[in-house]
Amino acid sequence: MFFSGDPSTRKRVDLGGRSSKERDRQKLLEQTRLERNKRLRLRQQNTAATNIQKCFRGRKVVEAERSKVREQFFSVYGRHLQNVDRSCFGPNSNFLRQFLFFFNAKNATDYSALVEVCRLLRQFVQNSGDIYVLFGGTDYLFEDESVSYRVKRFAYACIQAVYENRNQLKDQLIMAPSGSSTSTTLLLESLVMLIEPQVSWSCKIVAFLLQRNVYYQIREIIFTAKKSTSFQGPAAKDSSLEHVLVLIMSHMGQKPCICATDVRWTFISQILTIPFLWQLFPYLKKIFTTNDLSQQYIHHMTIFAKGPDKVLPVDMSAEFPGYACLLGNLLEAAALAFARPDCSFDLAMDFTVVATSFLEELAPFYTLNTKSKEADDDEMAIDEKTNDKVLNVDLERQISNAIDPRFLLQLTNVLFKGFSHANGSYKERPSNKEVAAVTAACSFLHVTFNILPLERIMTVLAYRTEIIPVLWNFMKRCHENQNWSSFSEHSAYLPGDAPGWLLPLAVFCPIYKHMLMIVDNEEFYDQEKPLSLKDIRCLIVILRQALWQLLWLNPSMPASSAKSATNTNSLRSRPVEFIQHRVSIAASELLSQLQDWNNRRQFTPPSDFQADGVNEHFNSQAMVEGSRAYDVLKRAPFLVPFTSRVKIFTSQLAAAKETSDSHAVFTRNRFRIRRDHILEDAFSQLSSLSEEDLKAAIRVTFVNEFGVEEAGIDGGGIFKDFMENITRAAFDAQYGLFKETTDHLLYPNPGSAMVHEQHLQFFHFLGTLLAKAMFEGILVDIPFATFFLSKLKQKYNYLNDLPSLDPELYRHLIFLKHYEGDISELELYFVIVNNEYGEQTVEDLLPGGKNLRVTNENVITFIHLVANHRLNYQIRQQSSHFFRGFQQLIPKDWIDIFNEHELQLMISGSVDGFDLDNLRSHTNYAGGYHQDHYVIDMFWEVLKSFSMENQRKFLKFVTGCSRGPLLGFKYLEPLFCIQRAGGEASEEALDRLPTSATCMNLLKLPPYKSKAQMEQKLLYSINAEAGFDLS
């Protein structure tokens, strides 16, 4: 600033309104606080340094004292303890007191001395047989704490010596039997003598060892032993280390012992998490599985199930997570425990809680590490995201092999023992114990289904356990009494507000679905096994209501994300949504299967499969891709009435046609077809068309047997006639591409390659041809076998589909299934003989099948392999090419909304003919005719008097197709029309024949005077088969 002439200092003003004195005071306080903290840290550092120095000096003094005592000890008793006698172990001797004072397990001299002490101990005890007198003297009192403490210290020194020197002793840690004289054996056998159950101080010793984490030390000893180059398998029989483990582990179940220890250092967390423990110590497994002991330990494991990460040791590697190792060992032990006749219900309940919890942890990466079946060339491939977490292959195998059929049978027997599954009164509510048992079983099995290949366990669950009748009895009582809430309250797997039927259905549906694949028609319909037809009708109601609630009323996820939910890994973190997703899939598949059974032989009205809430609003929404109704239609189409689905399918076809027509300015596909070579000409000209051309309009000109083009311009009617004629020719069994069943149903000829060199190309073409007929709304009279139509849906055929193909073979297989004698005496092998056109070939059903005899144990496998060969394998190539051709015009998801029976209706219409009244109510009139005209009344009376065959011929005559629209003539485009022909009723006009314009669905009918004349003229026209020469 510039000098103003005023020498006084101008006072500074704080614009914030604070006094400068106040600012200086705050600064002073802050500076004081910092200096005080600095002095505090300095005092703490000095105190810490003093403590460290004090501890170091103390340790140094103690070590010096120990060295001094060590020298005195060896000078008195000798370097090799040659001066030691029995009295040295007594309470008045300084021998053990001095030795335990200076003993250091890492000191080689001390270790050698301890081994010698153990050798002397064993020798003196064997000579006298009384360990109490040896340590406590002749007047020993069991309450003498000094003797007890000395023994505890000595016992701990033995195990500590092995632990500290484990790397040097690794070759003899678990391989040395109790009878050997190795140092490890001497140390461990001395410990065994001190903790034998009959020794009074064993409880105090074990408690002392547990306080010092003895299980952790044994764990490290075992891991070191497994790294030894000499380690090749299980421990030596009666190994000392196994003996020690058995005694310490067994101590838990002895009363009045109340030994307690931190859960992080228990037998469960430290020993049971060792991979493949029972392979090392089989005797330990036998002792562990005694009822009382295993029940206590497994009950104790329920603590672990709530948070294994907090109590289990650090994983030895990513391939061996602790909970997975514990699970593998637990499963193997449980199999032995469940096999015991005195196995308790509480043990099984605790086991399912623990195992379910660990299996849930395992599920996210276990499934992706299992090998899936190789899909056939006609089956869809399923992509799954890879996961970096992969279990060790042997550990996977241990878990997978442990949950075997025998294990599942034993578990369910223990859980369901005493529960009745007989059909009786369903008014009685399930007891709390029954609810708990069903909850436990369903929780365990649901998680198991998610991680194991189902084919390994489903057969035993379906046929060797009572789980289906027990679950059904339980479900029906809950349904009848509206008591599902009790199940939710007892389930720890699901929150209390989740529907109670979720978990039972998640288990019941896949098992019963598998059972229906194996059961034969006689068992299902006649013997009504495993459920009566009345019960199945009730089941259909339960499944239908559950599905409608899951998919429509309370969907677990938005419809737009339902497709992405097929990757179940994204749902596992949300258990309720995950199980809802699984139940919706399983219930839908089971209901679809029950619908197939109902189509074979009806036992319930088809409407029982339809949801009550489907209305016009639902139907309109179902046409919008991504909507909730669309999702319901795709996942459970049977909930929607057939007519509604046909309308939706028709709208999809109309949209596709509109798109195709918008790109076509003029008809570019015109073909000349010879009537007497219709299949060859069509194959050569149409098979090269692209998908876009196939969707566009196709116009046909017929050439008769004289080489002359037939009269008539194709406005759609000639093409209809072409489609009906070519399908009749192509699918004729005499042509060799298809064969007929005994019911005259068509399926691909397995020997088609012997008839046509280009047979697969023909099947591709025929698939396209059938799709074109459906695309244009043309019904064709082709009765397909159900097992072949299932291939259009890429479904697998089972034994129950075999009667439609070969009823005699089916009867023979059912005879084998129920044969009570020794099947091996029938001299059957896993081979099948094919006989095509007199040429016999033998094929193996399994690798090496010609050397594998059919027995009572594998006869079910043989039966299903034979059915699979006939129904799936033999026609796989033909079906695959037919499907590929079909897909060029009709996507698979369009026909997935129909079952095989409905698909046949979509192709051919009803076999019952057409409804004449429906046709009359949707008919237009022209040229002076009207619905009350006497000629029209006479016409309908004449048409009604026709036979079914002549009525179909008439329909073909006027529309080009012998079958009417599937939903009725209301949907015929354009509507059927009767036009007056011939002008005035002159003799010349009345002598004319009726003619038609099939492209317009138009009948040109002269005004005949009598019914007889009209009937004569109509029959002549419809039977003339003159092509379009009469047009």
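Residues numbered from 1 in each chain as written. Predicted model: local features only at pLDDT ≥ 70, side-chain atom pairs only at ≥ 80, totals over all residues. Heavy atoms only, no water.

Even after reading the chapter, I still don't get the overall build of the chain, so can you show me in this structure?
Helices and strands together make up the secondary structure of the chain, namely 46 helices and 10 strands. Expressed as a percentage of its 1031 residues, the buried residues of the chain come to 52%. Summarising the internal contacts of the chain: among those between residues at least 6 apart in sequence, 76% fall at separations of at least 24. (Helix = DSSP H or I, 4+ residues; strand = E, 2+ residues; numbered from the N terminus. Buried < 20%, exposed > 50% of the residue type's maximum accessible area, 1.4 Å probe, protein only. Contact = heavy atoms within 4.5 Å.)

What's the story with the packing of helix H6 (residues 183–195) against helix H9 (residues 240–250) in this structure? I'm lost.
Helix-helix packing is characterised by the crossing angle of the two axes and by the distance between the axes. Contact geometry for H6 and H9: axes closest at 9 Å, N-to-C directions at 25°. With respect to H9, the axis of H6 lies roughly parallel. For the element pair H6 and H9, the recorded crossing hand is left-handed. Residues Thr-185, Leu-188, Glu-189, Leu-191, Val-192 and Ile-195 of H6 form the contact with H9, whose own contacting residues are Ser-240, Leu-241, His-243, Val-244, Leu-247 and Ile-248. (Axes fitted to C-alpha atoms, helices over the stretch in contact; angles between N-to-C directions. Parallel < 35°, antiparallel > 145°, perpendicular 65-115°, else oblique. Left-handed = near helix turned anticlockwise from the far one by under 90°.)

I keep staring at helix H37 (residues 807–817) and nothing clicks. Help me out?
The α-helix advances 3.6 residues per turn, and as a result positions three or four apart in sequence lie on the same side. Along H37, the residues classified as buried are Leu-809, Tyr-810, Leu-813, Ile-814, Leu-816 and Lys-817. Each buried residue of H37 sits inside an arc of 155° when the element is viewed along its axis, so together they form one side. (Arc of directions from axis to C-beta.)

Please explain the pattern of salt bridges as it appears in this structure.
Opposite charge on two side chains permits pairing when their charged atoms draw close. Within this structure, the stated rule accounts for 27 salt bridges. Between Asp-526 and Arg-601 there is a salt bridge whose closest N-O contact spans 3.3 Å. In this pair, Asp-526 sits in helix H24 (residues 521–526) while Arg-601 sits in the loop between helix H27 (575–600) and helix H28 (616–622), placing the two residues 75 residues apart along the sequence. Here Lys-795 ties to Asp-596 by a salt bridge, and the two come within 3.3 Å at their closest N and O atoms. In this pair, Lys-795 sits in the loop between helix H35 (786–792) and helix H36 (802–805) while Asp-596 sits in helix H27, placing the two residues 199 residues apart along the sequence. (Salt bridge = Lys/Arg side-chain N within 4 Å of Asp/Glu carboxyl O.)

Where do I start with the sheet that holds strand S10 (residues 1002–1005) in this structure?
Within a sheet, each strand pairs with its neighbour through backbone hydrogen bonds, oriented either parallel or antiparallel. A sheet is described by the order of its strands in space; here 4 strands give the open sequence S7-S8-S10-S9, paired in mixed fashion. The open sheet is flanked by strand S7 (923–926) and strand S9 (995–997), the only strands paired with a single partner. For this sheet the average axis-to-axis angle between neighbouring strands, irrespective of direction, equals 25°. Here helix H43 (residues 934–945) sits on the sheet in contact with S7, strand S8 (976–980) and S10, set at roughly 130° to S8. (Pairing = 2+ DSSP bridges.)

Honestly, unusual backbone geometry in this entry has me stumped. Any pointers?
Excluding glycine, most residues fall at negative phi; most peptide bonds, likewise, are trans. Cis rather than trans, the peptide bond between Lys-529 and Pro-530 has omega equal to 0°. Within the secondary structure, Pro-530 is located in the loop between H24 and helix H25 (533–553). Its identity as a non-glycine residue notwithstanding, Gln-794 has a phi of 55°, on the positive side. Along the polypeptide, Gln-794 turns up in the loop between H35 and H36. Overall, the relative accessible area of 19% leaves Gln-794 in the buried class. One non-glycine residue, Glu-827, lies in the positive phi region at around 60°. On the basis of relative accessible area, Glu-827 is assigned to the partly exposed category, the value being 46%.

I would appreciate a short explanation of the nonpolar core in the present structure.
Considering soluble globular proteins, one finds that nonpolar side chains tend to be buried as a cluster. If you look at the biggest cluster of nonpolar residues, it comprises 289 residues, and the most contacted ones within it are Phe-89, Phe-351, Tyr-512 and Phe-722. The greatest single-element share of this core, amounting to 13 residues, is contributed by H25. If sequence neighbours within four positions are ignored, Phe-351 has contacts with Ile-298, Leu-330, Leu-331, Ala-334, Phe-338, Phe-407, Leu-411 and Phe-444. Grouped together as the second largest cluster of nonpolar side chains are 27 residues, Val-935, Leu-955, Val-958 and Tyr-1008 included. (Core = buried A, V, L, I, M, F, W, Y, C linked by side-chain atoms within 4.5 Å.)

For this particular structure, what's the right way to read the UniProt feature "active site" (unreviewed entry) in the chain?
Per the UniProt record, "active site" (unreviewed entry) is annotated on Cys-999. Topologically, Cys-999 is positioned in the loop between S9 and S10. (UniProt positions renumbered as here; feature names shortened; annotations may be inferred.)

Explain the environment of Met-1000 to me, please; I cannot follow it from the model alone.
If you trace the backbone, Met-1000 turns up in the loop between S9 and S10. According to the relative accessible area criterion, Met-1000 is partly exposed, its value standing at 47%. Residues Met-1000 and Thr-959, spaced 41 residues apart in sequence, show a C-alpha to C-alpha distance of 7.7 Å. Sequence-distant contacts of Met-1000, defined by excluding residues within four places in its chain, comprise Pro-974 and Leu-975.

Mind showing me how you'd approach the packing of aromatic side chains here?
For any two aromatic rings, the description comes down to two numbers: the centre-to-centre distance and the angle of the planes. The tally for this structure, following the rule as stated, stands at 60 aromatic pairs. Here the aromatic residues Phe-73, Phe-74, Tyr-77, Phe-89, Phe-95, Phe-99, Phe-102, Phe-103, Phe-124, Phe-135 and Trp-201 are joined through ring pairs into a cluster of three or more. Positioned above the aromatic ring of Phe-208, the side-chain terminus of Arg-212 is 3.5 Å from the ring centre. (Phe/Tyr/Trp six-rings, centres within 6.5 Å; stacked < 30°, edge-to-face > 60°. Lys NZ or Arg CZ within 6 Å of the ring centre and 35° of its normal.)

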